[in-house]
Amino acid sequence: MTTSPATLRRIADNRNRRSNRRLLVITTLLALVGAIFALTLMLGQSFTPPAEIIRMLSGDSLPATVFTVGQLRLPRAVLSVLAGLSFGLAGAAFQTMLRNPLASPDIIGISSGASAAAVFAIVVLSLKGPVVSIFAVTAGLGVAMMVYGLSFKNGVAGTRLILVGIGVSAMLESFIAYILSQAPAWNLQEAMRWLTGSVNGAQLGQALPLLVALIVFGGLLLGRARDLEALRLGDDMAAALGVRVAATRVLVMIAAVGMIASATAVTGPIAFVAFLSGPIAARITANSGSSLIPSALVGALLVLAGDYAGQFLLPSRYPVGVLTGALGAPYLIFLIMRVNRIGGS
Amino acid sequence: MTARSLTATRLSAGYGDTDILQGLDLAVPPGRITVIVGANACGKSTLLRVMSRLLSPNGGEVLLDGKSIHRTPSRELARTLGLLPQSPIAPEGITVADLVSRGRHPHQGLFSRWTQRDDEAVANALTATRIVDLAERPVDELSGGQRQRVWIAMALAQETEVLLLDEPTTFLDINHQVEVLDLLTDLNQSRGTTVAMVLHDLNLAARYADYLVAMSEGRIHVAGGPEEVLTQENVRQVFGLESRIILDPTSGRPIMLPIGRHRMKTPTEATEERS
């Protein structure tokens, strides 16, 4: 068995092309996120020149700019990016781990679990701030364990888990609606947040717990990116390649739920961002290597662009979840039809 | 490359409370090809799963060079012991070269970069399985036979000294079955890789095995050279099937001809015995 130098070169070139493409995709996505971020700071109801924004950010007091950009636009953009990154990353992690695009946290009830806990903490217990996030994370983990447990029968089959998850999700959503209907001061904006997700009324202070969760849990996930990639070849194959399958699963689940729930506690379950980001990222990276980082960036892009479009590009104003929901629903129907055709294994 | 010794001693294993394997002993001869055969549900896949530590034993142990594989760190083990499971999954749209390169997983750490050594391993694997020309093709587009060669290439890229395979020829046409088994024999002869696999076809098993293991009800019924193992007596005991054994003129190995109830030209001893 002799390998010719030509073959070796071909393999090396092939690999370089793959990693260059990945790098190009990531850079382009980063640039897009940056561009839309800048756009949302500059252009709302009125136009603020970039120079003024930079002066404001470096501490000059320009009362008008401090209000429109510092109070309104900046917190909104920052929260959009952080929530989008969290949803995108966690969604792709779940989809990769369970090898099914339908196994996204917002389909299988984890987002609604976190949302239900957040609503309960805010409306019934009158809590505020980071405590709400802790409630959401705990509930998210609880729902994840419940869905996993309910669908366990000689191992977990993907389709069973998804169906159980959809049921649990429907149950939790009616719980959210019930709590909201009991709320003393009925507030449509708040209700929309917990039902479809919104970054209305965002404050910069809310960004901190989200950033911490993103760094801790996101770091944990990215550390496991290679093992997650191996899991796509099947559990047995991954184990044969030296991956500790059960341990990786638990860790990925905790990290992804932690991120989803922390973001949901602030922005609500922004519809379908977790669900859409992974498949979009996989399409543009042509499946070369881990899609975690591209998915996170796609998530940020979806929330930023969705929120901007909802505010300024449509005849009336909509929260971001309404737009991402409208985008995600047809894709969900498409996927379910495809699962039905294959017969769902 | 030194041949590794893989042995199972007093192995009990199964799913839930029932032990499918019951105190099984097996020494896989180093540097040779071992083929495990047996009726459905006799425990041959379970044995392969325990020997590749996909399943933990309820009793006994599996030793690789005297060290328990269930107590070896998984990444370290994956550099010595490879496994091709029955139905691995090719991610949608992945190319051949990309998939084969995944075999390098246990050789790479969290921060270690892809090295020339990794490229060489992948190029060698593609060359050995004769799929260099398919390198840029998506795996989804390949035929069953080609796809199986890609998976074997991936296992080769892992560069393990022991390779276990669970029914590597299932779902393949007869020409591709022979091709896969020839390929594994090439690998065994050129690299000295210890190969152990489960096969369904007794005649192909006898043709390609250096050491043939016949299992029955969670135990090893008989093991040894194909001539010793593939006998009328053993086929009857292991499979409950009457048969005739003749020598294959091309390979000199035994072949089993099954005797059913119909289409028998001349009544044989065996059918007379039964009636």
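A short tour of the structure in this document, coming up. (Residues numbered from 1 in each chain as written. Chains lettered and ligands numbered in written order. Predicted model: local features only at pLDDT ≥ 70, side-chain atom pairs only at ≥ 80, totals over all residues.)

1. Points about the packing of helix α3 (residues 63-97) of chain A against helix α12 (residues 273-285) of chain A
All names here are of chain A.
At step 1: Close contact between α3 and α12 brings their axes to 7 Å; oriented N to C, the two are set at 70 degrees. Here α3 is positioned roughly perpendicular relative to α12, judged by the angle of their axes. Considering only the axes of α3 and α12, their crossing is right-handed. Touching Gly84, Phe87, Gly88, Ala90, Gly91, Ala92 and Gln95 of α3 are Val273, Ala274, Phe275, Ser277, Gly278 and Ala281, all from α12. (Axes fitted to C-alpha atoms, helices over the stretch in contact; angles between N-to-C directions. Helix = DSSP H or I, 4+ residues; strand = E, 2+ residues; numbered from the N terminus. Parallel < 35°, antiparallel > 145°, perpendicular 65-115°, else oblique. Left-handed = near helix turned anticlockwise from the far one by under 90°. Contact = placed C-beta atoms within 7 Å.)

2. Re the interface of chain A and chain B
At step 1: Contacts between chain A and chain B engage 28 residues on the former and 36 residues on the latter.
At step 2: When contributions to the side of chain A that touches chain B are tallied by element, the ones reaching two or more residues are α1 (5-42), α9 (225-231) and α10 (235-240) of chain A.
At step 3: Broken down by element, the side of chain A that touches chain B gets its largest block of residues, 8 residues, from α1(A).
At step 4: Across the side of chain A that touches chain B, the residue classes tally to 12 nonpolar, 8 polar and 8 charged. (Nonpolar A, V, L, I, M, F, W, Y, C, P; charged D, E, K, R; others polar.)

3. As for the sheet that holds strand β4 (residues 59-64) of chain B
All names here are of chain B.
At step 1: The strand order β2-β1-β4-β5 describes an open sheet built from 4 strands, whose pairing is antiparallel. Either end of the sheet is taken by a strand with one partner, and the two such strands are β2 (18-28) and β5 (67-68).
At step 2: Bridge analysis of β4 against β5 gives 2 bridges, and the strand direction is antiparallel. Within β5, the residue paired with Leu64 across the bridge is Lys67. (Pairing = 2+ DSSP bridges.)

4. Some words on the sheet that holds strand β8 (residues 194-198) of chain B
Pairing between the strands of a sheet comes from backbone hydrogen bonds, and it takes one of two forms, parallel or antiparallel.
Residue and element names in this part refer to chain B.
At step 1: Strand order in the open sheet formed by 6 strands is β6-β7-β8-β3-β9-β10, and the pairing between neighbours is mixed. The open sheet terminates on both sides in strands that have one partner only, identified here as β6 (81-84) and β10 (219-224). When the angles between neighbouring strand axes are averaged without regard to direction, this sheet yields 20 degrees.
At step 2: Here strand β7 (residues 162-166) pairs with β8 via 5 bridges, running parallel. In the sheet register, Leu163 faces β8, and the bridge partner there is Val195.

5. Concerning the nonpolar core
At step 1: The biggest cluster of nonpolar side chains holds 189 residues, and the ones touching the most others in it are Ala93(A), Ala118(A), Ala256(A), Ile260(A), Leu304(A), Val35(B) and Val100(B).
At step 2: The element that contributes the greatest number of residues to this core is α3(A), accounting for 16 residues.
At step 3: Dropping the residues within four chain positions of it, Ala256(A) is found in contact with Ala90(A), Ala93(A), Phe94(A), Pro105(A) and Leu221(A). (Core = buried A, V, L, I, M, F, W, Y, C linked by C-beta atoms within 7 Å. Buried ≥ 20, exposed ≤ 12 C-beta atoms within 10 Å, placed from the backbone.)

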